[in-house]
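Spelled out, the chains give:
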Amino acid sequence: MTETAETDAEQAIVEQVTTAWSAERLVAIQGGGTKAFYGNRVAAETVLDCSVHQGVVAYEPTELAITVRAGTPLAAVEALLAEHGQQFPFEPPHFGAAATIGGMVAAGLSGPRRPYAASVRDAVLGVRVLNGKGEVLEFGGRVMKNVAGYDLSRLMAGSLGVLGVLLEVSLKVMPVPPGRITLVQEQDQAGALELMQRWAGQALPISGTAWLEGRLHVRLAGSDEALTQTQRIIGGAPMAVAEADAFWLALREQELDCFAVDSLTGDGFAGDGFAGDGLAGERSLWRLSVRSATAAKAIPAPDLIEWGGALRWLRSERSAAEVREMARTAGGHATLFRAGSGRSAPRDGVFTPLNPVAARLHQHLKRAFDPAGIFNPGRLYPGMGRTAG
Amino acid sequence: MSRIPDERPLNPKPEVVDGLRRLLPRESVLTTEAELAPYECDGLSAFQQRPLVVALPETVEQVQAVMRLCHEMEVPVVARGAGTGLSGGALPLADGVLLSLAKFNRILGIDPANRSATVQPGVRNLAISEAAAGHGLYYAPDPSSQIACSIGGNVAENSGGVHCLKYGLTVHNILKLKLISVEGELFEVGADALDSPGLDLLALMTGSEGMLAVIVEVTVKLLPKPERAQALLAAFDSVEQAGAAVAEIIGAGIIPAGLEMMDRPAIRAAEDFVHAGYPTDVEAILICELDGFNAEVSFDVMRVRDLLLASGAADVRTAADDAERLRFWKGRKAAFPAVGRISPDYYCMDGTIPRRQLGPVLRQISALSEQYGLAVANVFHAGDGNLHPLILYDANNPGELEQAEALGGAILELCVEVGGTVTGEHGVGVEKLNQMCVQFNSAELNQMHAVKAAFDPKRLLNPGKAVPTLHRCAEFGAMHVHHGELKFPELPRF
């Protein structure tokens, strides 16, 4: 059901898509362009700029939900939430000041708080989306519980724009806990993994974990009572609040040295200046999402471990096949997050290829939403969508 | 009156029974009237239909073989778990195979290190928490039917429970599914990790009501048990005050583990049934559960108590011990059967509304209740806006069932009108097909049909459920046009 009136900006987007659909013109959907490096390179004929479609449609703090037009700057929305003592539970990376809400949902990337709170996808309540035929559709809603029809709103999270153009998104928000503290201790990788493991088996108010350079950082968020009690369990030295906030921000935004790869060749993964300026040679940055209890030796020499062990970052010269196999053995998958200079993406793309049934279903779903294959062709997987020419 | 929702022409192919007998042991293929009877409905007994045949496979290979056979013969298949669903999602088809997953009842493994459990779809919801308890872990979603409902059915319906606000729905608490496609292929979605590559098929499969694939294995997340849980019971002289108190608690930045409301008729029914100790001379009660560390819970209990009193609560009680806390919950969890004791039949609705609309919606429900001449008791997952009006009726009185359905339909349309949805956690099934026409326009429904076709182009998996055809909506829409807002409740609506 169409609840919101069409704005001029939305009207313009609809017209562009309707034209592209009839002309079968390939469209690259763009918000703030801050996550253009993520995913596979898109060979499009035209860019659909959604960043002008801005505004908060509805926000009632006690409903724990906000509805926002997709082009709205993420920073502005977070500032609004903060004014009301609320936040997005998934702590989304921005990767640049221009980051939009639509880009955040389409990329589906969550930050350090993800395993302890929610993912972007978990928080999606509803979407207003434009399909490949230029039809404006609404799925989900603005309420917490909704099982009317297929869950096509959460399907949009992380879909990288291959199914449709996000116009509006409704998201669950949560209160900012009253207090926070970050504790740091020296630990080798195995020790850090074991500790994160042990803590995860108890109901503790942990809101972030990061092991790098031989140090384990644990962020707690909650009431004073909970922090005091948990601090005794976790141990380690407290960081000054400002220093700690800066650390978690730099981690979320991947501005720490451990993310730096030398990617200046413009091969489609070129850095946007936020990936640090280290010269890491030909190593690429891999993101391995795995079982949290995966042993240290199964994924040798990670540069960073997050999410209680479930996310491991690796700068490596290994082949895609080798890295993917490590991740597969650990119950997960690997993404080539940023390719090192002189290294091109694997032919089958930066994401781990799907099993044959899932791959076929992806093609069918793509056609179900975007019959002409015009949206972000190849961004998710090469071959998903029509090719230019 | 036909109560079969599907508009497909019947196309019985009795020879599928011979095919099934070749694939499954003799006792796993049921065909006699007596054998079929237990499968003729799920928890929504207003709809009944015996299937052509019931198949009870016990291995994944057998499910694959059954699906291959049915796909080849173009025989529709309805998958069924424990049959506790409340929307007729597992209603059989007269010319279809009812695929019972009851024999898939094994817990395949608990992985305490990764805090997950891998189970077969027929495992009962509560059995998972019981199996994990030794590790200090549990499975969070707790539908009221958790002693009986199966995890496969929970996934198919995206079931909720009384702790959703803090701990999420089924979709937030599962990691991986093994599925059989309509063609009989085995495939996986999700991962043992926290995300997986490609489109989020795990989210899409959750709540898809058996329309896209058959679930044969589920990996769920387990959570550590909090150190302490404490519950408060507050009594109010009006439902509006109770609703305002909910907004106050959440506005203060507190996310209770559970936050439930019951109105006067529901309170009385529950109290008479299980003697939970509820005050019976009040208009509404709120049950608020807080969990976490001992000291933290003690602090929050004081804050919530103050907020409740400031919101006009006539009385606030804190459970003296865990036994009393569980008694508070017992009344709430027994609300449906309790209402079943005071009325020959009841019809449970499942709308979700923005919480701030609670007062106006309950007033309107009360007006509708008078208009239709049927009493309504309300239980409400107040934290997340999920309202369960229970319509009391007697099916033995001619026309009363239809009256109850019409009242239910009007309530759901009201939920949509105020910005909510026709189903929060029970699913559409066959029950809310007409209301889907109110909530979604034809382009949106067409998109859902296209998604169905992406998985099941021949429409063999649970056809006729969850998403109405445009034809049906056109007919239902015509009722709107000709009769205004469902003012002719005596008309059969199915």
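These figures come from a predicted structure and were not determined experimentally.

### Observations concerning the overall build of chain B
When you go through chain B residue by residue, the secondary structure sums to 17 helices and 19 strands. Relative to a compact globule of 494 residues, whose C-alpha radius of gyration would be 23 Å, chain B shows 23 Å and is just as compact. Taken over the C-alpha atoms alone, chain B extends approximately 65 × 60 × 40 Å along its principal axes. Per-residue burial over chain B gives 64% buried out of 494 residues. Here the analysis covers contacts within chain B between residues at least 6 apart in sequence; of these, 72% occur between residues at least 24 apart. Summing over all exposed atoms, chain B offers an accessible surface of approximately 16500 Å²; the carbon and sulfur share of this is 52%. Here chain B holds 41 positive side-chain charges and 62 negative ones, and the gap between their average locations is 3 Å.

### Quick notes on the interface of chain B and chain A
The interface is formed by 85 residues belonging to chain B together with 75 residues belonging to chain A. Interface of chain B and chain A: buried area, both sides summed, is about 6500 Å²; carbon and sulfur atoms make up 60% of it. Inspection of the region where chain B meets chain A yields 8 salt bridges. Among the ionic pairs, Lys145(A) bridges to Glu425(B), the shortest N-O distance being 3.0 Å. Where chain B packs against chain A, one counts 31 residue pairs in polar contact (both at pLDDT 80 or more). At the level of secondary structure, the elements contributing two or more residues to the side of chain B that touches chain A comprise helix H6 (164-167), strand E9 (186-190), helix H7 (201-205), helix H8 (239-251), helix H10 (294-310), helix H15 (433-439) and helix H16 (442-455) of chain B. Take the side of chain B that touches chain A: its biggest share by element is 9 residues, from H16(B). When its residues are assigned to classes, the side of chain B that touches chain A shows 42 nonpolar, 25 polar and 18 charged.

### A few points about unusual backbone geometry
With phi around 40 degrees, Asn376(A) is a residue other than glycine that occupies positive phi space. Relative to the helices and strands, Asn376(A) resides in the segment after helix H9 (356-369).

### Observations concerning the UniProt feature "domain: FAD-binding PCMH-type" (unreviewed entry) in chain B
Feature annotation in UniProt places "domain: FAD-binding PCMH-type" (unreviewed entry) on residues 47-225 of chain B, given in this structure's numbering. Note that residues 47-225 of chain B is 21% helix and 25% strand, and that its end C-alpha atoms are spaced 39 Å apart.

### Considerations on the packing of aromatic side chains
Residue and element names in this part refer to chain A. Evaluation of the coordinates by the stated rule reveals 14 aromatic pairs over all chains. Aromatic side chains Tyr38 and Phe337 sit 5.2 Å apart centroid to centroid with 45 degrees between the ring planes, which places their arrangement in the tilted category. In this pair, Tyr38 is assigned in the loop between strand E1 (27-30) and strand E2 (46-49) and Phe337 in strand E17 (residues 333-338), connecting sequence segments 299 residues apart. Taking relative accessible area as the criterion, Tyr38 reaches 7% and is therefore assigned buried. Connected via pairs of aromatic rings, a cluster forms that spans Phe37, Tyr38, Phe95, Phe259, Trp313, Phe337, Phe351 and Tyr381.

### Quick look at the side chain of His53(A)
Residues and elements named next belong to chain A. Mapped onto the elements of the fold, His53 is located in the loop between E2 and strand E3 (56-60). Among the polar contacts listed, one links the side chain of His53 to the side chain of Thr7, at a separation of 3.4 Å. Look past the residues within four positions of His53 in its chain and what remains in contact with it is Thr7, Ala9, Glu10, Ile13, Arg69, Ala70, Gly71, Thr72 and Leu167.

### A closer look at H8(B)
All names here are of chain B. End to end, H8 covers 18 Å across 13 residues, agreeing with the expected 18 Å (1.5 Å per residue, within 8%). Three or more residues of H8 are buried, namely Val239, Ala242, Gly243, Ala245, Val246, Ile249 and Ile250. Taken around the axis of H8, the buried residues stretch over an arc of 155 degrees, which confines them to a single face. Those residues of H8 hidden inside the fold are in contact with H6, strand E12 (228-236), strand E13 (258-263), strand E14 (284-292), H10 and helix H13 (358-372). Note on H8: the residue one or two positions beyond its end, Gly253, has a positive phi of about 85 degrees.

### Describing the domain arrangement of chain B
Residues and elements named next belong to chain B. Here the domain parsing of chain B yields domain 1 (15-100), domain 2 (108-224), domain 3 (228-337) and domain 4 (343-483). Just the C-alpha atoms count here: the centres of domain 3 and domain 4 sit 28 Å apart. In this assembly, 17 residues from domain 3 lie in contact with 18 residues from domain 4. The junction of domain 3 with domain 4 conceals about 1300 Å² of combined surface from both sides, 65% of it contributed by carbon and sulfur atoms. For the domain 3 face of the interface with domain 4, the top three residues by lost area are Glu240, Met261 and Phe336, together amounting to 40%. For the interface between domain 3 and domain 4, the tally reads 1 salt bridge. The partner of Glu240 in a salt bridge is Arg363, with the nearest N and O atoms 2.3 Å apart. Across the contact surface, domain 3 and domain 4 share 6 residue pairs in polar contact (both at pLDDT 80 or more).

### A short note on the nonpolar core
Judged by nonpolar contacts, the single largest core of 187 residues is most densely connected at Phe88(A), Leu171(A), Leu286(B) and Leu308(B). Top contributing element to this core by residue count: helix H14 (residues 400-417) of chain B, with 10 residues. Excluding its chain neighbours within four sequence positions, the residues that come into contact with Leu171(A) are Leu64(A), Ala65(A), Ile66(A), Phe88(A), Phe90(A), Ile101(A), Met104(A), Val105(A), Ala123(A), Val124(A) and Leu125(A). Grouped together as the second largest cluster of nonpolar side chains are 28 residues, Ala276(B), Tyr278(B), Val339(B) and Leu390(B) included.

### A short note on the confidence of the model for chain A
Looking at chain A as a whole, its pLDDT mean stands at 93, while 93% of the residues score no less than 70. Predicted confidence for residues 264-280 of chain A stays below pLDDT 50, and this span has 43 contacts to residues more than four positions away or in other chains.

### A few points about the sheet that holds strand E10 (residues 179-186) of chain A
All names here are of chain A. Spatially, the 8 strands line up as an open sheet ordered E13-E10-E12-E11-E15-E16-E14-E17, and their pairing is antiparallel. Sheet topology places strand E13 (237-238) and E17 at the edges, where each strand pairs with a single neighbour. Both strand E14 (residues 284-289) and E17 contribute to a ladder of 5 bridges, which runs antiparallel. Note that in E17 the partner of Leu288 across the bridge is Ala334. Packed on one face of the sheet, helix H5 (residues 189-200) meets E10, strand E11 (206-212), strand E12 (215-222), strand E15 (304-306) and strand E16 (311-316) and runs near 20 degrees to E12.

### What about the sheet that holds strand E8 (residues 174-180) of chain B?
Strands in a sheet are paired, the pairing made by backbone hydrogen bonds, and the direction either parallel or antiparallel. All names here are of chain B. Pairing is antiparallel in the open sheet, where 5 strands are placed in the order E5-E6-E10-E8-E9. This sheet does not close on itself; its edge strands, each paired only once, are strand E5 (107-111) and E9. With strand direction ignored, the average angle separating the axes of adjacent strands in the sheet is 15 degrees. As paired elements, E5 and strand E6 (residues 116-119) share 4 bridges and run antiparallel to each other. If you follow Ile110 over to E6, its bridge partner there is Ala117. Strands E5, E6 and strand E10 (214-221) of the sheet are contacted by helix H4 (residues 125-132), whose axis makes an angle of about 45 degrees with E5.

### Details of the packing of helix H1 (residues 15-23) of chain B against helix H3 (residues 60-73) of chain B
Residue and element names in this part refer to chain B. Remark: H1 packs on H3, axes separated minimally by 10 Å, with the N-to-C direction vectors making an angle of 155 degrees. Considering their axes alone, H1 and H3 lie roughly antiparallel with respect to each other. Classified by chirality, the crossing of H3 by H1 is right-handed. Contacts from Glu15, Val16, Gly19, Leu20 and Leu23 in H1 reach Gln62, Ala65, Val66, Leu69, Cys70 and Met73 in H3.

Procedures and definitions
Residues numbered from 1 in each chain as written. Chains lettered and ligands numbered in written order. Predicted model: local features only at pLDDT ≥ 70, side-chain atom pairs only at ≥ 80, totals over all residues. Heavy atoms only, no water. Helix = DSSP H or I, 4+ residues; strand = E, 2+ residues; numbered from the N terminus. Rg over C-alpha atoms; globule rule 2.2 N^0.38 Å. Buried < 20%, exposed > 50% of the residue type's maximum accessible area, 1.4 Å probe, protein only. Contact = heavy atoms within 4.5 Å. Areas by Shrake-Rupley, 256 points an atom, 1.4 Å probe, with all protein chains shown as cover. Lys, Arg positive; Asp, Glu negative; His and termini not counted. Charge placed at Lys NZ, Arg CZ, Asp CG, Glu CD. Buried area = accessible area lost by both parts, 1.4 Å probe. Salt bridge = Lys/Arg side-chain N within 4 Å of Asp/Glu carboxyl O. Polar contact = N/O pair within 3.5 Å; in protein donor to acceptor, adjacent residues only side chain to side chain. Nonpolar A, V, L, I, M, F, W, Y, C, P; charged D, E, K, R; others polar. UniProt positions renumbered as here; feature names shortened; annotations may be inferred. Phe/Tyr/Trp six-rings, centres within 6.5 Å; stacked < 30°, edge-to-face > 60°. Expected span 1.5 Å × (residues − 1). Arc of directions from axis to C-beta. Domains from an automatic or database assignment. Core = buried A, V, L, I, M, F, W, Y, C linked by side-chain atoms within 4.5 Å. pLDDT = per-residue confidence, 0-100. Pairing = 2+ DSSP bridges. Axes fitted to C-alpha atoms, helices over the stretch in contact; angles between N-to-C directions. Parallel < 35°, antiparallel > 145°, perpendicular 65-115°, else oblique. Left-handed = near helix turned anticlockwise from the far one by under 90°.

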